[in-house]
Amino acid sequence: NRPKVLITRPDIPAGGLNLLKEQCDVILWEKPEPIPRSVLLSKVQNVDGVYCLLTDKIDEEVLNAAGPQLKVVASMSVGVDHLDLQALKKRNIKVGYTPGILTDATAELAVALLLSTSRRLIEANRAIYKGEWKAWSPTWMCGPGLSGSTVGIVGLGRIGTQVAKCLKGFNTAKILYTSRSIKHAAIQFGGEKVELDTLLERSDFIIVTTALTPDTRQMFNKNTFQKMKKSAIFINVSRGDVVDQPALIEALKNGIIRAAGLDVMTPEPIPLDNELLKLDNCVILPHIGSAAIETREEMSIITAKNIMAVLKGVPAEMPSPLQL
Ligand code: GLV
Ligand code: GLV
């Protein structure tokens, strides 16, 4: 009488997959691509637990299709904007996610993206292959350095704090942040909590690490881009929907800001004819923030343990429950 668990992708790291296979009847979506909605709605029937990814929308319809025996939904992600938390809470379904363990990997990627954008690494690399590198040049491929700069972190949480600690090592002059509360961790990098408008006006580099919520959806729009410096560099590692993307494209084309580095966008994957892909001042990555090998392995194990704790009847032992 083993519990049934749906895993929405076959290629999850071995650690988590093996843990679940030892103790459950695992139902897999067999292709290495997001599970189609209709398949999700049919495979979820009668399962006790769901192991999902940020590409799976878990809403009323899915929960209704699952049935009343569903006890736990665990997402292999820190973001939970793809889960209808109210619907889960109403049914008393436990929710697991993977904060903390991906903090260093995501911060590392944010810093890499920031440097790639500011120092024009991708553009410079492409220039070699295009035969545009004629000689060492005093003015070619220059971009702003971090030393002495002001960095603004929008939504200072675990990831933003780690980004700030890394950037302090580059001799930045000042780190500003926005957050609903004063963050004691900000003492470690001398961070100053400010209003969003102040951050936008003063920062040379703006890094978004906030969760996507109704409050942060499209918070970067024509109005907010206008408030930034013309020399500002905008980095987003949170969710594409915190940005009004057509407004960002306009800002990049018209010199309202200097450049953007995006690990997230709308939609994902981005269509190849999207304007963002035509801009030299935009560095774009395919949502790989947490894609460090050890991190993904650990995320799969935590997700499996979140599920097993609930199915064994000890939800208090979930490694990372989301408080609903
Ligand atoms: C990645 O975006 C995550 O939410 O884990
Ligand atoms: C956001 O989820 C964070 O961990 O900073």
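Residues numbered from 1 in each chain as written. Chains lettered and ligands numbered in written order. Predicted model: local features only at pLDDT ≥ 70, side-chain atom pairs only at ≥ 80, totals over all residues. Heavy atoms only, no water.

A separate point is the site of ligand 1. Ligand 1 sits among L54, S77, V78, G79, L102, R239 and H287. A distance of 2.7 Å separates an oxygen atom of ligand 1 from a polar atom in the side chain of R239. At a separation of 2.6 Å, an oxygen atom of ligand 1 approaches a polar side-chain atom of H287. For ligand 1, the accessible surface in isolation is 190 Å², of which the surrounding protein chains cover 88%. When the residues that make up the shell around ligand 1 are grouped by side-chain class, the tally is 3 nonpolar, 3 polar and 1 charged. (Near = heavy atom within 4 Å. Polar contact = N/O pair within 3.5 Å; in protein donor to acceptor, adjacent residues only side chain to side chain. Areas by Shrake-Rupley, 256 points an atom, 1.4 Å probe, with all protein chains shown as cover. Nonpolar A, V, L, I, M, F, W, Y, C, P; charged D, E, K, R; others polar.)

For the pair helix α1 (residues 14–23) and helix α11 (residues 293–311), the least separation of the axes is 6 Å and the interaxial angle reads 25°. In terms of their interaxial angle, α1 and α11 are classed as roughly parallel. Contacts between α1 and α11 involve A14, G15, G16, L19, L20 and Q23 on the former and, on the latter, E297, S300, I301, A304, K305, I307 and M308. Grouping the amino acids of the contact of α1 with α11 by side-chain chemistry returns 7 nonpolar, 4 polar and 2 charged. (Axes fitted to C-alpha atoms, helices over the stretch in contact; angles between N-to-C directions. Helix = DSSP H or I, 4+ residues; strand = E, 2+ residues; numbered from the N terminus. Parallel < 35°, antiparallel > 145°, perpendicular 65-115°, else oblique. Contact = heavy atoms within 4.5 Å.)

Right, let's get into the pairing of strand β11 (residues 259–262). Alternating residues of β11 divide into A259 and G261 and A260 and L262, and every residue in both groups is buried. Here 3 bridges tie β11 to strand β12 (residues 282–284), and the two strands are oriented parallel to one another. Bridge pairing in β12 links L262 to I284. (Buried < 20%, exposed > 50% of the residue type's maximum accessible area, 1.4 Å probe, protein only. Pairing = 2+ DSSP bridges.)

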